[in-house]
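These are the residues of each chain, in order.
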Amino acid sequence: MPHSPEEKKRVVTRLRRIQGQALALERAVNEGTECGALLQQLAALRGATNGLMAEVLEGHLRETFLQSARGGPQDARIEPEAQIEDLMRIVRSYLK
């Protein structure tokens, strides 16, 4: 989860772009746009979603593991192995 105002603004901007792409795709389907053009729009939407996923994942990794490596605050209730397993579950579902 982005925490700084700049990070939140960047994520919200990406989400709005993704929302716009999804709405454009819906309009294209309703208008009977040819399959090739729909596939191109789908690829752009997927790319935007992948970019957002990578950005949020990177932030999570940095927050979780860099703080731990620096001896900073971390959730004492969750062992590092469990954190890694949770993260890998998310990554695996994303890669399907």
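Above this note sits the structure.
Residues numbered from 1 in each chain as written. Predicted model: local features only at pLDDT ≥ 70, side-chain atom pairs only at ≥ 80, totals over all residues. Heavy atoms only, no water.

1. A word on the overall build of the chain
Reasoning step 1: Helix and strand counts for the chain come out as three helices and zero strands.
Reasoning step 2: Shown N-terminal to C-terminal, the secondary structure of the chain runs as helices and strands in the order α-α-α.
Reasoning step 3: Classification of the 96 residues of the chain by burial places 15% in the buried group.
Reasoning step 4: A sequence separation of at least 24 residues applies to 55% of the contacts in the chain between residues at least 6 apart.
Reasoning step 5: In the structure as shown, the chain presents an accessible area of about 7400 Å², 58% of it carried by carbon and sulfur atoms. (Helix = DSSP H or I, 4+ residues; strand = E, 2+ residues; numbered from the N terminus. Buried < 20%, exposed > 50% of the residue type's maximum accessible area, 1.4 Å probe, protein only. Contact = heavy atoms within 4.5 Å. Areas by Shrake-Rupley, 256 points an atom, 1.4 Å probe, with all protein chains shown as cover.)

2. Some words on the pattern of salt bridges
Reasoning step 1: Per the counting criterion, the structure on display carries four salt bridges.
Reasoning step 2: In this structure, Glu55 engages Arg10 in a salt bridge whose closest nitrogen and oxygen atoms are separated by 2.6 Å. Placement of the pair is Glu55 in helix α2 (residues 35-69) and Arg10 in helix α1 (residues 5-30), with a sequence separation of 45 residues.
Reasoning step 3: Across the salt bridge formed by Arg62 and Glu58, the nearest N and O atoms sit 2.9 Å from each other. You can see Arg62 and its partner Glu58 sitting in helix α2, four residues apart, about one turn around the helix.
Reasoning step 4: Taken together, the shared-partner salt bridges connect Arg10, Arg14 and Glu55 into one network. (Salt bridge = Lys/Arg side-chain N within 4 Å of Asp/Glu carboxyl O.)

3. Topic: helix α3 (residues 80-95)
Reasoning step 1: With 16 residues, α3 should reach 22 Å at 1.5 Å per residue; the first-to-last C-alpha distance of 22 Å fits that figure.
Reasoning step 2: Residues of α3 that are buried include every one of Gln83, Leu87 and Val91, and no others. On an axial view of α3, the arc spanned by its buried residues comes to 65°, and they lie on one face. Every exposed residue of α3 that faces more than 90 degrees away from the buried side is listed here: Glu81 and Arg89. (Expected span 1.5 Å × (residues − 1). Arc of directions from axis to C-beta.)

4. Brief notes about the environment of Tyr94
Reasoning step 1: Of note, Tyr94 is situated in helix α3.
Reasoning step 2: Given the relative accessible area of 32%, Tyr94 is considered partly exposed.
Reasoning step 3: Along the backbone, Tyr94 and Met53 are 41 residues apart, and their C-alpha atoms lie at a distance of 8.6 Å.
Reasoning step 4: With near-sequence residues (within four places) excluded, Tyr94 lies in contact with Asn50 and Met53.

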